[in-house]
Amino acid sequence: MGLNDMMSGYKKVKNKTGLTTQTLFDYFKNVNFSLGSPEIGKVKKKEAIVFPPIGKYTVYAIVVPKSISVTRAILKGTGAAVAEGLFDATLTDKVSADMAKADRGVEEVFDVLTQILEGNPTVVNHATAAASGEVEHLFMRQKILSLADRYKIMDDDQNILYSAVGGRGSFSIRRNEDDEIIYTVKRKMLSLTPEYTLLRDKKEKVGQLKKKMTLTKAQVFGWVDDLDILIKGDLSGYNFSIFADDNIIGNITTKQFSWADCYDIEIVDTTRKDLVVTIAIICDNLIASMNKD
């Protein structure tokens, strides 16, 4: 077992394509990281790509000719305060939450880095879309566990564009501008892993999504119509990406607003808006059931 498996706050990979700090930064600066936008700076007198602070922690990447590392570290001058917080009941939860968020940030940055090193075009596609402003943002309130599943998907003016309601493992998703049901989703209740079937016109099976476990995190995979679907990232941390035929079509992150805690549903491929919204609802249902269990 290597360090990448043992320590979520530290990841390292071979620099097999000869990336420099500047070339990696050129990729990173157009990716919508939940951590915020990075900058080139210095860490321990070494050039690094540094992300905005998370409480008393920071996440950064260091590029050298043979390897690239992504690390979570304590900000300079805050080590004593963090140590004090670990023994202070009033601070422990905040310190732990910040550390967990920083660790998820390491996972997120390392996942993007891995895609770049593997020549995955989805990172470039996402960067191009983000840079050109061709993305659309919708918002969905985080569901409160209840007997019924109710969702509202809104624009930033809180106009309802989509909604879903159901219970006992089945719900219908409507496009509210014409009240059309775009998908009916049924969850298989007696299954070792969560499994969802997508129906059109309440009877035609047009897709199936299923949770699977990898060595490091949960993923959701399956198909809808003629598309191979993969959802990967940090499901438990509410930060993940949706891929169709290896092309990124959407990103889901958590945002805080004055009126609610919401998912930011970033539609990268606006021709797949109905599908991205539907998958976001399915993933929230999946996460809620995981937390309930």
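That block above? That's the structure.
What you are looking at is a predicted structure, and each value in this text was computed from that prediction instead of being measured. (Residues numbered from 1 in each chain as written. Predicted model: local features only at pLDDT ≥ 70, side-chain atom pairs only at ≥ 80, totals over all residues. Heavy atoms only, no water.)

Considering the environment of Val 43
So, point 1. Counting through the fold element by element, Val 43 comes out in strand 2 (residues 39-43).
So, point 2. Separated by 17 residues in sequence, Val 43 and Tyr 60 place their C-alpha atoms 8.2 Å apart.
So, point 3. In this structure Val 43 touches Ala 48, Val 50 and Tyr 60, once residues within four positions along its chain are discounted. (Helix = DSSP H or I, 4+ residues; strand = E, 2+ residues; numbered from the N terminus. Contact = heavy atoms within 4.5 Å.)

What to know about the pattern of salt bridges
So, point 1. Counting across every chain of the model gives 10 salt bridges.
So, point 2. Between Lys 11 and Glu 107 there is a salt bridge, with its nearest N and O atoms 3.5 Å apart. Here the residue Lys 11 occupies a position in strand 1 (residues 10-14), and Glu 107 occupies one in helix 4 (residues 89-117), the gap between them amounting to 96 residues.
So, point 3. Accessibility expressed as a relative area gives 5% for Lys 11, which makes it buried.
So, point 4. With a closest N to O distance of 3.1 Å, Lys 273 and Glu 136 form a salt bridge. (Salt bridge = Lys/Arg side-chain N within 4 Å of Asp/Glu carboxyl O. Buried < 20%, exposed > 50% of the residue type's maximum accessible area, 1.4 Å probe, protein only.)

A look at a negative patch on the surface
So, point 1. A contiguous patch of negative charge, built from Asp 226, Asp 228, Asp 245 and Asp 246, is present on the exposed surface.
So, point 2. Of the residues examined, Asp 228 reaches a relative accessible area of 55% and is grouped as exposed. (Patch = residues over 30% accessible without salt bridge, like charges linked within 9 Å, V, L, I, M, F, W, Y side chains within 5 Å. Areas by Shrake-Rupley, 256 points an atom, 1.4 Å probe, with all protein chains shown as cover. Lys, Arg positive; Asp, Glu negative; His and termini not counted. Charge placed at Lys NZ, Arg CZ, Asp CG, Glu CD.)

A closer look at the sheet that holds strand 2
So, point 1. Reading across from one edge, 1-5-4-3-2 is the order of the five strands in this open sheet, with antiparallel pairing throughout. The sheet terminates laterally at strand 1 and strand 2, the two strands that pair on one side only. Taking the axes of each pair of neighbouring strands and ignoring which way they run, one obtains an average angle of 30° across the sheet.
So, point 2. Relative to strand 3 (residues 46-50), strand 2 is paired through five bridges, and the arrangement is antiparallel. Along strand 3, the bridge assignment pairs Lys 42 with Glu 47.
So, point 3. Of the strands in this sheet, strand 2, strand 3, strand 4 (57-63) and strand 5 (67-74) touch helix 2 (residues 21-28), which is tilted by about 5° from strand 3. (Pairing = 2+ DSSP bridges. Axes fitted to C-alpha atoms, helices over the stretch in contact; angles between N-to-C directions.)

Remarks on the pairing of strand 9 (residues 170-175)
So, point 1. Two strands pair when backbone bridges link them, and strand 8 (residues 160-167) and strand 9 are joined in this way by six bridges, in the antiparallel orientation. Its bridge partner being in strand 9, Val 165 is matched across the sheet by Ser 172.
So, point 2. Pairing analysis gives six bridges linking strand 9 to strand 10 (residues 180-187), with the strands arranged antiparallel. By the bridge assignment for strand 10, Arg 174 is matched with Ile 181.
So, point 3. Here strand 9 folds back onto strand 10 in antiparallel fashion, the turn holding four residues, of which Asp 179 has a positive phi close to 60°.

Structural notes on the side chain of Ser 67
So, point 1. Within the secondary structure, Ser 67 sits in strand 5.
So, point 2. Assessed through its relative accessible area of 15%, Ser 67 is described here as buried.
So, point 3. For Ser 67, the residues in contact, after removing those within four places along its chain, are Lys 12, Val 13, Lys 14, Asn 15 and Ile 62.

So, the packing of aromatic side chains
So, point 1. Going through the model one piece at a time under the given rule, you end up with two aromatic pairs.
So, point 2. Relative to Phe 171, the ring of Tyr 151 has its centre 6.2 Å away and its plane inclined at 50°; by these criteria the two rings are tilted. Of this pair, Tyr 151 sits in strand 7 (residues 148-154) while Phe 171 sits in strand 9, and the two are 20 residues apart along the sequence.
So, point 3. Accessibility expressed as a relative area gives 1% for Phe 171, which makes it buried.
So, point 4. One residue, Lys 11, lies across the ring of Phe 110, its end atom 6.0 Å from the ring centre. (Phe/Tyr/Trp six-rings, centres within 6.5 Å; stacked < 30°, edge-to-face > 60°. Lys NZ or Arg CZ within 6 Å of the ring centre and 35° of its normal.)

Quick notes on the environment of Glu 204
So, point 1. Looking at the secondary structure, you find Glu 204 in strand 12 (residues 204-213).
So, point 2. The spatial distance from the C-alpha of Glu 204 to the C-alpha of Tyr 183 is 9.8 Å, given a sequence separation of 21 residues.
So, point 3. In this structure, Glu 204 is in contact with Leu 198 and Leu 199, ignoring residues within four places of it in sequence.

Structural notes on unusual backbone geometry
So, point 1. Phi is positive for Asp 179, which is not a glycine, with a value near 60°.
So, point 2. Its location among the elements puts Asp 179 in the loop between strand 9 and strand 10.
So, point 3. Residue Asp 225 is not a glycine yet carries a positive backbone phi of 55°.

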